[in-house]
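# Fold and contact review
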Amino acid sequence: MPRRILITGASIAGNATAASLVRHGFDVTVVERAPAFREGGQNIDVRGVGRDVLRRMGLEQAALDRGTGEEGTVWVEEDGTEAARFETDAATGDGPTAEMEILRGDLARLLYDAARDDATFRFGDRIAAIAEDPHTAIVTFESGAIERYDAVIVAEGVGSSTRERIFAGENDPRWLDLTLAYFTIPRTPGDDRMWRWYNAPGKRSVSLRPDRHGTTRAMLSLQKQAAGEQDWDVGRQKAFLRRCFADAGWETPRILAAMDDTDDFYFDVLRQVRMPRWSSGRVVLTGDAAWCATPVAGVGATLAVTGAYVLAEELARHDSVAAAFGAYEQHMRPMVEDGQAVPKIAPRLLHPSSRLGIRLLHGVLGIASQKPIRTLASKVAGGKGEEVDLSRYT
Ligand SMILES: Cc1cc2nc3c(=O)[nH]c(=O)nc-3n(C[C@H](O)[C@H](O)[C@H](O)COP(=O)(O)OP(=O)(O)OC[C@H]3O[C@@H](n4cnc5c(N)ncnc54)[C@H](O)[C@@H]3O)c2cc1C
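Attention here is on the structure that accompanies the text. (Residues numbered from 1 in each chain as written. Predicted model: local features only at pLDDT ≥ 70, side-chain atom pairs only at ≥ 80, totals over all residues.)

### So, the sheet that holds strand E17 (residues 279–280)
- Strand order across the open sheet formed by six strands is E7-E2-E1-E11-E18-E17, with mixed pairing between neighbours. Bordering the open sheet on either side are strand E7 (120–123) and E17, each of which pairs with just one other strand.
- Relative to strand E11 (residues 151–154), strand E1 (residues 4–8) runs parallel, the two being bridged by four bridges. Across the sheet, the residue bridging to isoleucine 5 is alanine 151, located in E11. (Pairing = 2+ DSSP bridges. Helix = DSSP H or I, 4+ residues; strand = E, 2+ residues; numbered from the N terminus.)

If you want it as structure tokens, here you go:
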């Protein structure tokens, strides 16, 4: 059985994999390029089999205890009046706000805490090169250290450089024509427990969400074709957003003013990662590095914790790394492909260009909010709810 494992990336997927592997007694090292554990990020939700995984890891209740306390979603007009309201379904947890709604940083921290005593964490370093001999992967780090591992698990997120090094040219990204920025701003008395979503003409949206840290999470999104903005520095990205949202209305001036002082600015131009294979020799991809579905799909964290668990279980069951990686891909791929089934039209539907389009969207949402719906995402996303069967791991 492989014993010595290197994981690169210490966010949701990396920490979940580390926590799952140490339970089986693996010798795990995690390397993260950031100088320390990364807090930050907005509301993410964990649904279905993802919750089963957290339960199996003994973390479900802790994740629920750290919930954002968000009670639903309200689409608002420019003056703040409600156009449509979706409250979280207490029975199913479904709707735009899920029952297990947690901040990305809080979930990553929970998983990190579950792994940190038994795994070795190396912050502020990254992989510079990977070579293989018949028995091991030989990893050279930027710090100059050289180590041997039985397997290397790449959990570096959507822009993974190790993926590009090992699987050069294999990713066939699917761009979703949506640019997003998330950051934390001071809370004001008008911020309630609802996710407030405002559409501005010009394919723009602005939203505010509660958290349990006494602050408010802001999101700006812009429906447009990608033009390389993900590679700009933060100063240029902020200047771009200030320009694009200057006249958006509603609470936007407050949000733009606070953007300058925020220390957890996260910017992304959405693209799905589409890889024909997830492993090569002793290297395997997981989480967004393997299959980023984008926040539009609403399954990123669910896929990350599920993939982590399945990969760890398969490594524990097989003597050969290749057999473990093959079984992992076989069991995860149907769920991933289903989760990625977001029609490209979805961001457009949620970002009308004209005031008339916004009125139509509000009308449709107003009708949808009257009926029991499983999730708003499932209305536009079209996934069938394909999930991994965990019963083989009992
Ligand atoms: C700071 C932050 C904020 C986020 N905010 C949101 C949000 O608000 N909403 C949302 O839907 N999603 C957000 N995401 C993305 C979300 O976490 C993922 O879509 C999903 O949870 C899958 O996680 P992942 O672990 O696969 O990838 P990610 O969460 O992207 O984590 C990748 C990790 O790998 C590290 N890394 C990258 N390259 C290297 C390298 N070469 N060597 C070593 N380490 C590397 C990164 O620093 C990061 O810690 C955020 C991610 C981060 C890192």
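### Quick look at the site of the ligand
- Taken together, 33 residues sit near the ligand, with Gly9, Ser11, Gly41, Gly157 and Gly287 positioned nearest.
- Counting only elements with at least two residues in the shell around the ligand, the list comes to helix H1 (12–23), strand E2 (27–32), helix H5 (161–166), helix H8 (288–291) and helix H9 (300–317).
- Its residues assigned to classes, the shell around the ligand shows 13 nonpolar, 13 polar and seven charged. (Near = placed C-beta within 6 Å. Nonpolar A, V, L, I, M, F, W, Y, C, P; charged D, E, K, R; others polar.)

### Quick word on the environment of serine 354
- Tracing the sequence through the fold places serine 354 in the loop between helix H11 (345–349) and helix H12 (355–368).
- Classification of serine 354 by C-beta neighbours within 10 Å gives exposed; the count is 11. (Buried ≥ 20, exposed ≤ 12 C-beta atoms within 10 Å, placed from the backbone.)

### A look at the packing of helix H6 (residues 234–245) against helix H7 (residues 252–259)
- With their axes 11 Å apart at the nearest point, H6 and H7 run at an angle of 165 degrees to one another. The pairing of H6 with H7 is recorded here as roughly antiparallel in orientation. The interaxial crossing formed by H6 with H7 has left-handed handedness. Taken together, the residues of H7 that come into contact with H6 (itself represented by Lys238, Leu241, Arg242 and Phe245) are Thr252, Leu256 and Met259.
- Looking at the contact of H6 with H7, its residues break down into four nonpolar, one polar and two charged. (Axes fitted to C-alpha atoms, helices over the stretch in contact; angles between N-to-C directions. Parallel < 35°, antiparallel > 145°, perpendicular 65-115°, else oblique. Left-handed = near helix turned anticlockwise from the far one by under 90°. Contact = placed C-beta atoms within 7 Å.)

### Thoughts on unusual backbone geometry
- Within the chain, lysine 203 stands out as a residue other than glycine whose phi angle is a positive 60 degrees.
- Looking at the element boundaries, lysine 203 is found in the loop between strand E13 (194–200) and strand E14 (204–210).
- Residue classification places lysine 203 among the buried residues on the basis of 21 C-beta atoms within 10 Å.

In short, shape yes, function no, at least from these values alone.
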